[in-house]
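Here are the chains, one letter per residue:
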Amino acid sequence: SMPVIVRRDVVLPATTTYVMVDPLTGVQRGIYNPATGVTTTLPSGVVLAERSTNRVVAMVDNGRLVEVTSMPTLTGSHVVLRNGVWTYLDETDYKIMVMERSIDDEYKAGRLSISQVSDLKQRINEASSWKARYSKNGSLSDSRMRTLVSKLDAINTRMAKDVAYINGKRADIGIRVN
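Keep in mind that what you see is a predicted model, and the values were worked out from it rather than measured. (Residues numbered from 1 in each chain as written. Predicted model: local features only at pLDDT ≥ 70, side-chain atom pairs only at ≥ 80, totals over all residues. Heavy atoms only, no water.)

Participant: Would you mind showing me how to read the nonpolar core here?
Facilitator: Nonpolar side chains in soluble globular proteins tend to end up buried together. Formed by 15 residues in total, the largest nonpolar core has its most connected members in Ile103, Leu112, Leu152 and Ile155. Looking at this core, the elements with two or more residues in it are helix H1 (91-108), helix H2 (114-134) and helix H3 (142-172). Beyond its immediate sequence surroundings of up to four residues, Leu152 is in contact with Thr92, Lys95, Ile96, Met99 and Ala127. Within the second largest apolar cluster, 11 residues are counted, among which are Leu12, Tyr18, Leu42 and Leu65. (Core = buried A, V, L, I, M, F, W, Y, C linked by side-chain atoms within 4.5 Å. Buried < 20%, exposed > 50% of the residue type's maximum accessible area, 1.4 Å probe, protein only. Helix = DSSP H or I, 4+ residues; strand = E, 2+ residues; numbered from the N terminus. Contact = heavy atoms within 4.5 Å.)

Written out as structure tokens, the structure reads:
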């Protein structure tokens, strides 16, 4: 669900340590300990998650900690706004999202045909279904993770070849290739 930001200051318990996370990229921006504070100003927009549970408890708004409700527990390494919803993605789901966006961008730029887009997205859906089928408690064994990464790498390779093919065709008819 979308985060609901309540514009009231939050005082965090000094007995808990928090992780500062950029909610758009999922990149950790550091550790926040209310007992000691931080040496720099808290950057606006970052969320604070309890280090032990990854539960998001506050957001920084102009240097103030404000309450955030209706935000799920942080379960992955990436926090992204996806279709208007805060979504926490593990490494492979994040890679899949980036690949889907890349496919859309290449299509919009005229470097992929609609049939290539359809084929690539079908391959991504198959990889996602495969992941869901073999996941146990939300994770894959090391060997299955290697298989999934290999499948995703093959899709990226296919996309690169498809883009090269279209760029070659565009160059043949005199259209500038980026």
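Now that the structure has been shown, we can carry on.
Participant: It is not clear to me how H2 should be interpreted in this structure. Could you clarify?
Facilitator: Helical geometry: 3.6 residues make up each α-helical turn, so side chains three or four residues apart lie on a common side. For H2, with 21 residues, the first-to-last C-alpha span of 30 Å sits near the 30 Å given by 1.5 Å per residue. Inspection of H2 places Gln116, Val117, Leu120, Ile124, Ala127, Trp130 and Lys131 among the buried residues, and these make up the whole buried set. Taken end-on, H2 shows its buried residues confined to a sector of 155 degrees, consistent with a single buried face. Exposed residues pointing more than 90 degrees away from the buried face of H2 are listed as Ile114, Ser115, Ala132 and Arg133. Those residues of H2 that are buried lie in contact with H1 and H3. (Expected span 1.5 Å × (residues − 1). Arc of directions from axis to C-beta.)

Participant: Teacher, can you tell me more about the packing of H1 against H2 here?
Facilitator: Any two packed helices are characterised by the angle at which their axes cross and by the distance between the axes. Packing of H1 against H2 brings their axes to within 10 Å, and their N-to-C directions diverge by 175 degrees. When the axes of H1 and H2 are compared, the pair comes out roughly antiparallel. Here Thr92, Asp93, Ile96, Met99, Glu100, Ile103, Asp104 and Tyr107 of H1 lie close against H2, whose contacting residues are Ile114, Val117, Leu120, Lys121, Ile124, Ser128 and Lys131. Looking at side-chain class alone, the contact of H1 with H2 contains eight nonpolar, two polar and five charged residues. (Axes fitted to C-alpha atoms, helices over the stretch in contact; angles between N-to-C directions. Parallel < 35°, antiparallel > 145°, perpendicular 65-115°, else oblique. Nonpolar A, V, L, I, M, F, W, Y, C, P; charged D, E, K, R; others polar.)

Participant: Mind showing me how you'd approach H3 here?
Facilitator: For H3, built from 31 residues, the straight-helix expectation of 45 Å at 1.5 Å per residue is met to within 8% by its first-to-last C-alpha distance of 45 Å. Residues Leu148, Leu152, Ile155, Met159, Asp162, Val163, Ile166, Asn167 and Arg170 constitute the buried set of H3. Contact partners of the buried residues in H3: H1 and H2.

Participant: Quick question: what am I supposed to make of the pattern of salt bridges here?
Facilitator: Where side chains of opposite charge bring their charged atoms close, a pairing between them can arise. Across all of its chains, the model carries six salt bridges by this definition. A salt bridge links Asp104 to Lys121; the shortest N-O distance between them is 2.6 Å. Of this pair, Asp104 sits in helix H1 while Lys121 sits in helix H2, placing them 17 residues apart in sequence. Looking at Lys121, the relative accessible area reads 28%, which means it is partly exposed. Residue Arg123 is joined to Asp119 by a salt bridge in which the shortest nitrogen-to-oxygen separation is 2.9 Å. Highlighted residues: Arg123 and Asp119, both in helix H2, separated by four residues, approximately one helical turn. Taking the relative accessible area as the measure of exposure, Arg123 reaches 33% and is therefore partly exposed. (Salt bridge = Lys/Arg side-chain N within 4 Å of Asp/Glu carboxyl O.)

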